[in-house]
Amino acid sequence: MVKYLLPKLSFEYDSLEPFIDKQTMIIHHQKHHQTYVDGLNRCLEKFGGSGHPQYISSILSDLKSVPSEFQNELNFFGGGYENHRLFWDTLSPDSKSIPEGKLSDAIDVYFQNFQNFKSIFTVNSLGIQGSGWCWLVFNSTYNRIEIMTTENQTSPWIFQKIPLLGLDLWEHAYYLKYQNKKAEYIENWWNVINWEYVENRFSELSQ
Ligand code: MN
C-alpha cells in the first residue's frame, strides 16, 4: 500500500531567516503539511485508491477518474500535499536571486524581462482574496510558461498546467512574522527562491 510521507526539508528551519522565520517554518512543515499528508492518505484509503499506481499529480490532472464523492477531498488534500512538496523544494537559503539559462530566456520572451515578471507575479499574488497560491506554470499544450493563481489548495495540475514555482499565500505561511503585511512577505520570498530547481524542472519539460 502506497502511503505518502511528510517530505524532509533540504535545509534547516532557521536557514531562511530573516525572510521566512523559523517558527513559521516549523509549524508550516510539521503541522500544516502533515495535515495534508494525513488527509491525502485517508482519502485514498477510503476509495481504495491507496494502491493507485499514479503519483498524486497524475491523479489531480485526471480528477474525473476518481469517484465523484471523493473529488473535493482529493483536490484539497492531494493539492495541499503536492503544493507544499513543491514549495519546500523551490526554497533555498542560498538563492542566486535571479533565474538563468533557458528559463531566463523564456521569462524574457513572455514577460519582457525578469523585473516585469516579478511585478506581474506580485500583483497576481496580492490579488488573491482569502487563501490560495500564485504560480509560474508550464503550459505543455502551447509549450510556454504562464502565471496563474488558484484558490485554497487547488493545484495547477487540476487545469493540466505543470507547476514550476508556487507561492503559498495562506495566512499560515506568513502571519506569525508579517501579520497583515502580505506585500512584505511576497517581496522577501524572492530572496529565498531555489532557481536551480525551477530551471531544472523547466528544462525537463520544454523542448
Ligand atoms: Mn501552506
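Going by the structure above, here's the rest.
Rules used in this analysis
- Residues numbered from 1 in each chain as written.
- Predicted model: local features only at pLDDT ≥ 70, side-chain atom pairs only at ≥ 80, totals over all residues.
- Heavy atoms only, no water.
- Helix = DSSP H or I, 4+ residues; strand = E, 2+ residues; numbered from the N terminus.
- Expected span 1.5 Å × (residues − 1).
- Buried < 20%, exposed > 50% of the residue type's maximum accessible area, 1.4 Å probe, protein only.
- Arc of directions from axis to C-beta.
- Contact = heavy atoms within 4.5 Å.
- Polar contact = N/O pair within 3.5 Å; in protein donor to acceptor, adjacent residues only side chain to side chain.
- Salt bridge = Lys/Arg side-chain N within 4 Å of Asp/Glu carboxyl O.
- Axes fitted to C-alpha atoms, helices over the stretch in contact; angles between N-to-C directions.
- Parallel < 35°, antiparallel > 145°, perpendicular 65-115°, else oblique.
- Left-handed = near helix turned anticlockwise from the far one by under 90°.
- Nonpolar A, V, L, I, M, F, W, Y, C, P; charged D, E, K, R; others polar.
- Phe/Tyr/Trp six-rings, centres within 6.5 Å; stacked < 30°, edge-to-face > 60°.
- Lys NZ or Arg CZ within 6 Å of the ring centre and 35° of its normal.

Asks: It is not clear to me how helix H5 (residues 114-126) should be interpreted in this structure. Could you clarify?
Replies: Since the α-helix packs 3.6 residues into each turn, any two residues three or four apart lie on the same face. An ideal rise of 1.5 Å per residue puts 18 Å on 13 residues; H5 measures up with 18 Å between its terminal C-alpha atoms. Among all positions in H5, only Phe114, Phe117, Lys118, Phe121, Thr122 and Ser125 are buried. The arc that holds the buried residues of H5, viewed along the axis, is 130°, so those residues lie on one side. Exposed and oriented more than 90 degrees from the buried face of H5 are Gln115 and Val123. Of the surrounding secondary structure, the elements contacted by the buried residues of H5 are helix H4 (101-111), strand S1 (132-139), strand S2 (144-151), strand S3 (162-168), helix H7 (182-189) and helix H8 (195-205). Where H5 begins, the capping side chain belongs to asparagine 113, and its oxygen is found 3.2 Å from the backbone nitrogen of glutamine 115.

Asks: How do you make sense of the environment of isoleucine 162 when you look at a structure like this?
Replies: By the element assignment, isoleucine 162 lies in strand S3. Residue classification places isoleucine 162 among the buried residues on the basis of a relative accessible area of 12%.

Asks: Would you take a moment to explain the pattern of salt bridges for this structure?
Replies: Where charged atoms from two side chains of opposite charge come close, those side chains can pair. The full count for this structure, using the stated rule, is 10 salt bridges. For the salt bridge of arginine 144 with glutamate 146, the shortest nitrogen-to-oxygen distance reads 4.0 Å. The exposure class of arginine 144 is partly exposed, given its relative accessible area of 28%. A residue is classified by how much of its surface remains accessible, and glutamate 146, at 16% relative accessible area, is buried. One salt bridge in this structure joins lysine 161 and glutamate 146, with 3.0 Å as the shortest N-O distance. Of this pair, lysine 161 sits in the loop between S2 and S3 while glutamate 146 sits in strand S2, and the two are 15 residues apart along the sequence.

Asks: In this structure, what is going on with the packing of H4 against H5? I would like to understand it.
Replies: Between H4 and H5, the shortest axis-to-axis distance is 8 Å and the interhelical angle comes to 70°. In terms of orientation, H4 and H5 fall into the roughly perpendicular class. Between H4 and H5 lies a crossing whose hand is left-handed. Note on element contacts: H5 touches H4 through Phe114, Asn116, Phe117 and Ile120, opposite Ile107, Asp108 and Phe111. Class assignment of the residues belonging to the contact of H4 with H5 gives a composition of 5 nonpolar, 1 polar and 1 charged.

Asks: Any chance you could explain the packing of aromatic side chains here in plain terms?
Replies: The relative placement of two aromatic rings is captured by the distance of their centres and the angle of their planes. Under the defined criterion, the tally for this structure stands at 20 aromatic pairs. Measuring from centroid to centroid gives 6.0 Å for phenylalanine 117 and tryptophan 190, while their planes differ by 85°, and the two rings are edge-to-face. Placement of phenylalanine 117 in helix H5 and of tryptophan 190 in the loop between H7 and H8 is noted, with a sequence separation of 73 residues between them. Each member of the pair phenylalanine 117 and tryptophan 190 is classed as buried. What links up through ring pairs into an aromatic cluster is the set Phe111, Phe114, Phe117, Phe121, Trp189, Trp190 and Trp195. The lysine or arginine in question, lysine 177, covers the ring of tyrosine 178, its NZ or CZ lying 5.6 Å from the ring centre.

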